[in-house]
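So the chains spell out like this:
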Amino acid sequence: MEKKDIITAPQLFSLLFLCNIVIGITYNLPMAKSSNLLDHILSAIVAFFINILFIFPIYKIYKKNPSLDIADNCIKNFKKIGILFLIIYGIYYLFVCCYMLSLFNIFVRDVINPDISLFMLTFCVILASSYAACKGIEGIARACSIILFIVCLAIVFIIFTLIPQIDFMNYSPLLFNGLNDFKNGIFYLTSLSFYLPLAAILMPFIKSGAKKVLIATNLITYILFAIVIIIVVGALGDYLKTQSFPIYEATSAAEIGVFKRLDAIYLGIFTSGLFITISIFLFAFFLVMKKILGQKRSKLIIFLADIFLLIISLILPIFKEISFFFYDTKFIFVFTILTSFVLPVIILLKHKIKLKWREE
Amino acid sequence: MLKLLKNLISKYTLQNEADFISHEKENKHSLCNSLKKNLENFKNSFDESADLTIRPIKVLNTDAAIITMEGMINKETFATSVMNPIVYAFTKEILTSSEKLEYIKNNILTITEQIDVETFEDAFKLIMSGFALLIFDGCKKALAIGVQGFNFRSISEPETEVMQKGSKEGFVEAVRINLTMIRRRVKNPKLKFEFLSVGKTSSTDICLCYIKDIVSDKILKELKKRISKINLQNVLAAEYLVPYIEKKGDLSFFSSVGFSERPDTVCGKIAEGRIAILVDGTPTALIVPYLFIEYFQTIDDYAERPYFATLTRWLKYLSFFIATLLPGLYVALAVFNPEVFPDRLISKIAYSIAGTPFPLMLETLIIHFIYEIMREAGLRLPRPLGHAVSIVGGLVIGETAVNAGLIGAPTLMVVALTAISSYVIPNLYEPTAILRLIFILVGGILGIWGVMLLFSVLIVNICSKSNFGIPFVAPIAPFNFYSMRDVIMRASWKTLSKKNKNIQNMPH
């Protein structure tokens, strides 16, 4: 893949932001091990600053040579050991795909329970995402900017329909139950910063403005997140505590004038957002695999990855043992920290040591 | 082996435009000195075709011949401006055959369009384009005299692009008449017409029209390269060229080559740096590069007040979504998510679904297929019969089927609304008709998820498309704020004329 400035900085922003929106709308209190969603506003503020810290090494590496992505830097600085790093990144991108798709399957199976084949639906999502990933970053990025526009309109509409339903009695004081929810919120939000390792591999596709993109994504994501929490808590109150997908429940309850039951909008946002998210993470996976195996062999791996994705995403909602491992915040947190902070820092250090050796 | 080598060499040379021209010259056969041999060659080449007319005459005491094609020349012009002056031509000087030809050309003939011909291939082409060919014995050159006068359809408003305001002229089948229609509207010396020939058997003339200073040289060069690679035997319609002009491997439902039968539309596009391709024998001009958003822009938009033009623009967008998505969404929501409909509406829909024997998806598909069959029949039948088919289809089949309980009234209404909406953007009818069917299938199998997923795939498909380096969905993605003046609204001419709108300036 030739890395030239084939996408614009706003398109990269829309890619990262849409991924965060999808993560945001699937925000899950049981998985966050919290009962008070309102405390997560404070968690979001802290998570924002933690992410700023994580951005630093990724951006520094990019700045050293804007034409190289994180995979190129791994190979350049560590030669054969770099392949091990690439495998970690490859697994991470595939893991995100599995995580998102299985979450979607859980949602469809447990919350909606429609009369359609879950296998067929999952298969179609994977097929469509693979098609988009094969079409390349240009197509995904342009489509993403259009889809993001539609999604933002839908979110604004949902927010406006929920505002009249806000009951101020639903708001409890912040940190009312102690610091536990706040801490778990930070943990959960930071672990879901999937966009940072993604940005590390996509940044060379833009000409300039990577720093602004990363900071803007981080800032706008958490602002939107805080707004959504305030509105959803105000509209649903204690009812939220028992819900796996609180934002879906909020849209189901939303109504304004003749518009009732806006859950269809939620389904639309979720499906199209999920499609873009899986497409872009699959694309990132393809990029890494190309570095490891070369152009020809990576095609086979892509096919195998699709099958793996299909199996895992269908198995996860059924087998609790595996799903616990997949949805364990600690595990996701470690994995995210490793790919978004630890490995970039190691690469950065190695680069500095190399420079010092040269100077000496 | 030799043939294979020749093919390889010819393939290689075709890649280079300059080489391509020299290659063409090499394969041409020169005229010879002997009139007899030349005439024999003409007769043999045309296999003594009935419309080839060879008239031996004596001009300035030298044996000569005039070759024409029956029906391709204006007989009156030919007689008065060519035959009469040639036959009665006289000179006191003693001239060679070549000099006599020059004398006739410079002193006798009054017709302005005269071309020196040295090869048989050029001669064939000109004769078949309505020229009269004058050949002298003892001369290796011939003179092609423009006396074209074949019958052609009179200029009328194109039926496929009817406009309320603006010109009522439409292209005709004769390419040269079409050129005059463009020239009359763009009185600019930089407007260039460039003739090329495509089709090994048909040798169809095609004409590239562009404005020299506005067009992108890169796009023009690429277009010529793609045209040089066309290996069709016959080119009987402009649409034959589309797959060759589009990007290689483009399997999208949407075409990135525009069509128009209106000279004013073509002139507008040329003025924005696009290239129009006129094909002899067809009234359709191809326009490249073409953007998705242009499907929604008509010449009427620019003749109306901006407010109303903006409203109609949005109606077109809405119609496109209705034509593509409505039946699929209807099936998906009615089958899987009926709760989203208002209570009274869902009771009507549920009542109608319960009263019909087929599942909703199948019912919608059946109605759609019946509609497509009737549309196709209506197009091919003579007009009086077409009306009868419409009445039979609309009233008899539709109403009877609803009354008999075979199909539901809401479904019929959805299909009817879809059908009408699809005619708001007639150029997009083909892709919307196919997509609509796919959306119904997906909506019936996977519900709202399937519809949204397919819609997202469709967006990726359109977004990843580009032609001549210009993204098909520009200026929406990549986004260009200033271009929105002619996308989300139709700004006034004062605003539109402020900034250059050339196609090569689109974000990419």
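Since this is a predicted model, take the numbers as computed values, not measurements.

Cut-offs and rules
Residues numbered from 1 in each chain as written. Chains lettered and ligands numbered in written order. Predicted model: local features only at pLDDT ≥ 70, side-chain atom pairs only at ≥ 80, totals over all residues. Helix = DSSP H or I, 4+ residues; strand = E, 2+ residues; numbered from the N terminus. Buried ≥ 20, exposed ≤ 12 C-beta atoms within 10 Å, placed from the backbone. Rg over C-alpha atoms; globule rule 2.2 N^0.38 Å. Axes fitted to C-alpha atoms, helices over the stretch in contact; angles between N-to-C directions. Parallel < 35°, antiparallel > 145°, perpendicular 65-115°, else oblique. Left-handed = near helix turned anticlockwise from the far one by under 90°. Contact = placed C-beta atoms within 7 Å. Nonpolar A, V, L, I, M, F, W, Y, C, P; charged D, E, K, R; others polar. pLDDT = per-residue confidence, 0-100. Domains from an automatic or database assignment. Pairing = 2+ DSSP bridges. Expected span 1.5 Å × (residues − 1). Arc of directions from axis to C-beta. Core = buried A, V, L, I, M, F, W, Y, C linked by C-beta atoms within 7 Å.

1. Topic: the overall build of chain B
In terms of helices and strands, chain B carries 17 helices and twelve strands. Here chain B holds 508 residues, and 35% of them are scored as buried.

2. Re the overall build of chain A
Along chain A, the regular secondary structure elements total 13 helices and two strands. For 360 residues, the compact-globule estimate of 2.2 N^0.38 gives 21 Å, and the C-alpha radius of gyration of chain A, at 20 Å, lies within 12% of that figure. Projected onto the principal axes, the alpha-carbon positions of chain A cover approximately 65 × 45 × 40 Å. Counting over 360 residues, chain A shows a buried share of 50%.

3. Examining the packing of helix H11 (residues 306–336) of chain B against helix H13 (residues 360–380) of chain B
Residues and elements named next belong to chain B. Interaxial distance between H11 and H13 falls to 9 Å at its minimum, and their mutual angle equals 160°. In terms of axis orientation, H11 runs roughly antiparallel to H13. By crossing handedness, the relation of H11 to H13 is classed as right-handed. Residue-level contacts link Pro 327, Val 331, Ala 334 and Val 335 of H11 to Leu 360, Met 361, Thr 364 and His 368 of H13. A class-by-class count of the residues in the contact of H11 with H13 yields six nonpolar, two polar and no charged.

4. Let's talk about the interface of chain A and chain B
With 31 residues of chain A in contact, the opposing surface of chain B contributes 25 residues. Residue assignment for the side of chain A that touches chain B shows that the elements contributing at least two residues are helix H5 (118–135), helix H6 (137–162) and helix H11 (263–315) of chain A. Within the side of chain A that touches chain B, the residues separate by chemical class into 19 nonpolar, seven polar and five charged.

5. As for the confidence of the model for chain B
When pLDDT drops low, the exact placement of atoms in the prediction is not to be read closely. All names here are of chain B. When pLDDT is averaged along chain B, the result is 86, and 93% of the positions lie at 70 or above. For residues 1–6, every residue scores under 50 in pLDDT, and the model assigns this stretch zero contacts once sequence neighbours within four places are set aside. Across the interface, the model reports ipTM at 0.90; the global pTM reads 0.84.

6. Looking at the domain arrangement of chain B
Under the domain assignment, chain B is made up of domain 1 (31–146), domain 2 (175–290) and domain 3 (306–464). For domain 1 of chain B and domain 3 of chain B, the distance between their C-alpha centroids amounts to 62 Å.

7. Considering the environment of Val 392 of chain B
Position of Val 392 of chain B among the secondary structure elements: in helix H14 (residues 383–403). As a C-alpha pair, Val 392 of chain B and Ala 334 of chain B span 58 residues in sequence and 29 Å in three-dimensional space.

8. A short note on the sheet that holds strand E3 (residues 114–117) of chain B
All names here are of chain B. Strand order in the open sheet formed by five strands is E1-E2-E4-E5-E3, with antiparallel pairing between adjacent strands. Each of the sheet's edge strands pairs with one partner strand only, and the pair in question is strand E1 (52–59) and E3. Geometrically, the sheet is characterised by an average inter-axis angle of 25° between neighbouring strands, direction not taken into account. Where E1 and strand E2 (residues 62–69) come together, eight bridges link them in antiparallel fashion. Bridge assignment links Lys 58 to a residue of E2, and that residue is Asp 63.

9. A closer look at helix H15 (residues 409–422) of chain B
All names here are of chain B. For H15, with 14 residues, the first-to-last C-alpha span of 20 Å sits near the 20 Å given by 1.5 Å per residue. Buried within H15 are the following residues: Thr 411, Val 414, Val 415, Thr 418, Ser 421 and Ser 422. The arc enclosing the buried residues of H15, seen along the axis, measures out at 125°, which places them on a common side.

10. Focus on the nonpolar core
Grouped together as the largest cluster of nonpolar side chains are 202 residues, with contacts concentrated most on Leu 18, Cys 97 and Leu 198 of chain A together with Ile 277 of chain B. When residues in this core are grouped by element, the largest group, 22 residues, is from H11 of chain A. For this core, the domains that each give at least three residues are domain 2 (175–290) and domain 3 (306–464) of chain B. Dropping the residues within four chain positions of it, Cys 97 of chain A is found in contact with Ile 278, Phe 281, Leu 282 and Leu 309 of chain A. Listed in part, the 30 residues of the second largest apolar core include Phe 42, Val 59, Val 117 and Leu 133 of chain B.

11. Thoughts on helix H3 (residues 40–64) of chain A
For an α-helix, 3.6 residues make a turn, and residues three or four places apart therefore share a direction. Residues and elements named next belong to chain A. Compared with the 36 Å implied by 1.5 Å per residue over 25 residues, the 36 Å span of H3 between its first and last C-alpha is a close match. Among all positions in H3, only His 40, Ser 43, Ala 47, Asn 51, Phe 54, Ile 55, Pro 57, Ile 58, Ile 61 and Tyr 62 are buried. Turning to H3, the residues buried within the fold contact helix H4 (70–112), helix H7 (180–191), helix H8 (195–202), helix H9 (210–236) and helix H13 (329–359).

12. As for the confidence of the model for chain A
Per-residue pLDDT for chain A averages 87, and the proportion of residues at 70 or more is 99%. When pLDDT is averaged over each helix and strand of chain A, the minimum, 71, is found for strand E2 (residues 259–260) of chain A and the maximum, 94, for H8 of chain A.

13. Observations concerning unusual backbone geometry
Residue and element names in this part refer to chain B. Residue Pro 289 is bonded to the preceding Val 288 through a cis peptide linkage, with omega at -15°. Its location among the elements puts Pro 289 in the loop between strand E10 (285–288) and H11. Omega for the bond connecting Ala 477 with Pro 478 falls within 30 degrees of zero, at 5°, which places this linkage in the cis form. As for its position among the elements, Pro 478 is in the loop between strand E12 (470–471) and helix H17 (493–496). For Leu 60, which is not glycine, the phi torsion reads 50° and is therefore positive. Residues other than glycine seldom take positive phi values, yet Ser 203 does so here, at roughly 45°.

14. A look at the packing of helix H1 (residues 9–25) of chain A against H8 of chain A
Residue and element names in this part refer to chain A. Running from N to C, H1 and H8 point in directions that differ by 160°, and their axes come no closer than 10 Å. Taken together, the axes of H1 and H8 lie roughly antiparallel to each other. Handedness of the crossing formed by H1 with H8: right-handed. When H1 is examined against H8, the residues Leu 12, Leu 15, Leu 16, Cys 19 and Asn 20 are found in contact with a partner set consisting of Tyr 195, Leu 198, Ala 199 and Leu 202. Class assignment for the residues of the contact of H1 with H8 results in eight nonpolar, one polar and no charged.

15. Some points on the sheet that holds strand E8 (residues 258–260) of chain B
All names here are of chain B. The antiparallel open sheet is built from five strands, whose spatial order is E6-E7-E9-E10-E8. A strand with exactly one partner marks an edge of an open sheet, and here the two such strands are strand E6 (191–198) and E8. Neighbour-to-neighbour, the strand axes of the sheet open up by a mean angle of 25°, direction not taken into account. Pairing of E8 with E10, which is carried by three bridges, proceeds in the antiparallel orientation.

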